[in-house]
Amino acid sequence: MRLTPLVIAATSVALVAPTAAQADSPHAHTPAAPGVSVPGGRYEHSVELKFRAERGTTVRYTLDGTTPTRDSRVYSPGRPLRIKKDTNVTAVAFQGKRSSVPVSYGYLIKSREKPLARLVVMSDVHVGSHATADKKYESFFDTIGSIFPKPDAILSNGDMINDNGDGKGPDHRIVSEIFQANLARKGMTDTQLLISNGNHDASLAAIRAGYPKAWFPDSGGGYYESDVKGLHVLTVNTETYNSDTAQRTWLKGRLAAITADPAYAGKPVLVQGHRPTTGTTMDGQQASNPRLAEDLSAFPQAILFSGHSHLNINDDRSIHQRDFTSVNDGSMSYIEVDHGYQMVTDDGLADRFESPTAQALFVEVYKDRTEIARVNMAADKHDIYTGGQWSANWQPPYASAGTLGGSTWTVRLKGSTNKQIKDNFRYTDAERNTVAPKFTTRRPLSRVQDAKGGTALRIAQATDDQMVHHYDVDVTDAATGASVVSSKVLSDYYFMPRPNSLDIPVPGTVRGGRYVARVVAVDAYGNASPAASLTSPLSGGGDGAAPPGGAPGPRLRPSARPGQVRSCRGRPRPAPWHACRPRPPRRRRCPRRPGPPSTAG
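Now for a look at the structure at hand. Every value quoted in this text rests on a predicted model; they were computed, and no experiment measured them. (Residues numbered from 1 in each chain as written. Predicted model: local features only at pLDDT ≥ 70, side-chain atom pairs only at ≥ 80, totals over all residues. Heavy atoms only, no water.)

The sheet built from 6 strands is open, its strands ordered β14-β13-β12-β25-β26-β30 with mixed pairing. At either margin of the open sheet sits one strand with a lone partner, and together these are β14 (192–195) and β30 (409–411). Here the strands of the sheet are splayed against their neighbours by 25° on average, with no regard to which way each runs. Here strand β13 (residues 153–156) runs beside β14; their pairing, made up of 4 bridges, is parallel. Bridge pairing links Ser 156 to Ile 195 in β14. (Pairing = 2+ DSSP bridges. Helix = DSSP H or I, 4+ residues; strand = E, 2+ residues; numbered from the N terminus. Axes fitted to C-alpha atoms, helices over the stretch in contact; angles between N-to-C directions.)

This is how it looks when you write it as structure tokens:
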């Protein structure tokens, strides 16, 4: 795909604080983010975690990827937090009205069983200079080392540079220098580095000239075979695959020979190629090379890793099984989401499909399974546009380095025949998740005042067993039926931690007017929640104004069932219903219930 030039090297700044605006004094001290006694990483035992924070602060934390608030669990000094399973831990230090930025740590908890091989799979590095990449890749390799101190191989799956036919082939030498320096710094001298050809890599000749021969040992066509601790790794050239008869013959021949070997039964054959093939990951977005899918279809032991699309790995559509296993490996420069959605930015709703999040896969191959962990190299909340200019070069430190982008995928090749293996696949279209998101707060919608003094609809984020992908948001004028806002708004699921709420600007509201808001939470598979509704004067008064974390205006819980909402006393009433709106003086007001107890972690 076409990559916008990387134009700005900006220093990473603090994440948005999870509480109300902290304007009590321009000289007031902002607490430092908490530290931890055990760094994030991979462990073969449970972890007992202690937080370190400034004297006089209170540490609150979550274990579900959300941002801690003043209602989140309190850490008690001297009582360690035990982590027994894969977890993202996020902590904030509170002191009076002020709070630190949130900081997150990812923990992968494994058994003592030793894998046959450990591999890191990444793609779309897009390095163009030492100035923008040196510090980033120091941080990225530190994250790699925290999980795999000595990986057996790193697969870098195409687009090492950002050539657009403009003579940037020599940039491969810059990537080589950065990678070699970090491999040496981390003591990864025995780690194999295996590169595939991508559409921004200039040419095969440029790749060969830029790296050690062992990193790209092709014999002329950009494809080759490697041995990683006894595992077969086949690198294909997806820039030519469909029309390259010799390459197709080579791949099919090698797969047939490898899978026919009784000694290799039950083991995967790892295949890396830059572009995804048709009808596989992410519903086939940005796919090509249908003949690659055709040629792999006879070999269910194959696991194909592909990049190119930059599509994020948080989305569980990033793994797909039909005749073989396909895995999207994300991007090390910036990630994308499906097109056709909007993001909440400092400037309001914007047509965005990119975020400066960097991700990679950590693959462990065992005797009876392959485990694929999704890891964020950097997932701090930033807009891809800075000062009106596009940039994916946010610099460390990252408050999210090493956090998990989702649960670990496990691929098992169970069966003695191809049909039996395919019948036991679990990431198939037929097994797609059908659990819908749900709003868990009693009042998921509220009217607030945004930072610019305008009216906004606050959505308390819904929950899902995988992730909430977006919200269908519709706001209409109750009197005329005219649409004020109609948008599909992304949930910010690609950041760590995720914000607890989204503020949707509602422009053009008229003082005293009445507006009806309807919001549905939708996951990546299209499963939709019951609608949450709010009918309220969305402008013309300060009673509904609130900064993040402040007291919102009129709110309403989700409908009891389609066509009904619950009154403030809990009884179903026909929709629409005017939710507990302020009434004239001396008249009884509908009572406001207190917020629910914390369920974080």
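With that settled, consider the sheet that holds strand β20 (residues 325–328). Within the open sheet, the 6 strands sit side by side as β15-β16-β17-β18-β20-β19. Their pairing is mixed. Two strands in the sheet have a free side with no partner beyond their single neighbour: β15 (224–228) and β19 (319–321). Each adjacent strand pair in this sheet contributes to an overall mean axis angle of 20°, direction not counted. Of the pairings in the sheet, the one linking strand β17 (residues 269–272) to strand β18 (residues 302–306) comprises 4 bridges and is parallel in character. Opposite Leu 270, over in β18, you have Ile 303 as the bridge partner. Each of β15, β16 (231–235) and β17 is contacted by helix α4 (residues 245–260), which is oriented at about 170° to β16, the strand it contacts most. (Contact = heavy atoms within 4.5 Å.)

Quick look at the packing of aromatic side chains now. Under the criterion given, the structure shown has 15 aromatic pairs. Seen from their ring centres, Tyr 494 and Phe 495 are 4.9 Å apart, and the 75° between their planes marks the pair as edge-to-face. Neither Tyr 494 nor Phe 495 differs from the other in exposure class; each is buried. Here a set of aromatic residues connected by ring pairs shows up, and it is made of Tyr 137, Phe 140, Phe 141, Phe 179 and Tyr 398. (Phe/Tyr/Trp six-rings, centres within 6.5 Å; stacked < 30°, edge-to-face > 60°. Buried < 20%, exposed > 50% of the residue type's maximum accessible area, 1.4 Å probe, protein only.)

Moving on, we get to α4. Here α4 spans 22 Å end to end across 16 residues, near enough to the 22 Å set by a 1.5 Å rise per residue. For α4, the complete set of buried residues consists of Gln 247, Arg 248, Trp 250, Leu 251, Leu 255 and Ile 258. Projected onto a plane normal to the axis of α4, the buried residues spread over an arc of 160° and lie on a single side. Seen from the buried face of α4, the exposed residues on the opposite side, beyond 90 degrees, are Thr 245, Thr 249 and Ala 260. On its buried side, α4 packs onto β15, β16, β17 and α5 (290–296). The opening residue of α4 is Asp 244, an N-cap whose side-chain oxygen sits 3.3 Å from the backbone nitrogen of Ala 246. (Expected span 1.5 Å × (residues − 1). Arc of directions from axis to C-beta. Polar contact = N/O pair within 3.5 Å; in protein donor to acceptor, adjacent residues only side chain to side chain.)

Bringing the pairing of strand β22 (residues 342–345) into the picture now. Every second residue of β22 is oriented toward a common face, with Gln 342 and Val 344 on one face and Met 343 and Thr 345 on the other, all of them buried. For β22 and strand β23 (residues 348–351), the ladder comprises 4 bridges, and the chain directions are antiparallel. Bridging from a neighbouring strand, Thr 345 pairs with Gly 348 of β23. Connecting the antiparallel pair β22 and β23 is a turn made up of 2 residues.

This brings us to the environment of Asp 227. Positionally, Asp 227 belongs in strand β15. The spatial distance from the C-alpha of Asp 227 to the C-alpha of Gln 192 is 9.6 Å, given a sequence separation of 35 residues.

Membership of the largest hydrophobic core comes to 82 residues, with the highest contact counts inside it found for Leu 119, Tyr 137, Phe 179 and Phe 362. Ignoring any residue separated from it by four or fewer positions in sequence, one finds Leu 119 in contact with Phe 148, Ala 153, Leu 155, Val 228, Val 233, Leu 270, Leu 361, Phe 362, Val 363 and Val 365. (Core = buried A, V, L, I, M, F, W, Y, C linked by side-chain atoms within 4.5 Å.)

Another aspect to go through is the pairing of β18. Of all 5 residues making up β18, 5 are buried, and the element is well covered by its neighbours. Side chains Ala 302, Leu 304 and Ser 306 of β18 all project onto a buried face; the interleaved residues Ile 303 and Phe 305 project onto the opposite face, where all are buried too. Taken together, β17, α5 and β18 constitute a β-α-β crossover, and its handedness is right-handed. (Right-handed = clockwise from strand over helix to strand, strands pointing away.)

Looking now at the side chain of His 310. Position of His 310 among the secondary structure elements: in the loop between β18 and β19. A polar atom in the side chain of His 310 sits 2.8 Å from the backbone oxygen of Tyr 334.

All right, on to the environment of Thr 428 then. Tracing the backbone shows Thr 428 in the loop between α6 (418–423) and β31 (445–449). Among the residues examined, Thr 428 registers a relative accessible area of 17% and is labelled buried. In this structure, the C-alpha to C-alpha distance between Thr 428 and His 320, residues 108 residues apart in sequence, is 5.9 Å.

Across its 15 residues, helix α2 (residues 171–185) extends 21 Å between first and last C-alpha, which sits within 8% of the 21 Å expected from 1.5 Å per residue. When α2 is considered as a whole, its buried residues turn out to be Asp 171, His 172, Ile 174, Val 175, Ser 176, Ile 178, Phe 179, Asn 182 and Leu 183. Buried positions along α2 lie against β12 (117–122), α1 (130–147), β13, β14 and α3 (204–210). Downstream of α2 by a residue or two, Gly 187 has a phi angle that is positive, lying close to 70°.

Moving on to the environment of Leu 445. Considering the arrangement of structural elements, one finds Leu 445 in strand β31. In sequence terms Leu 445 and Thr 535 are 90 residues apart; their C-alpha atoms lie 9.9 Å from each other.

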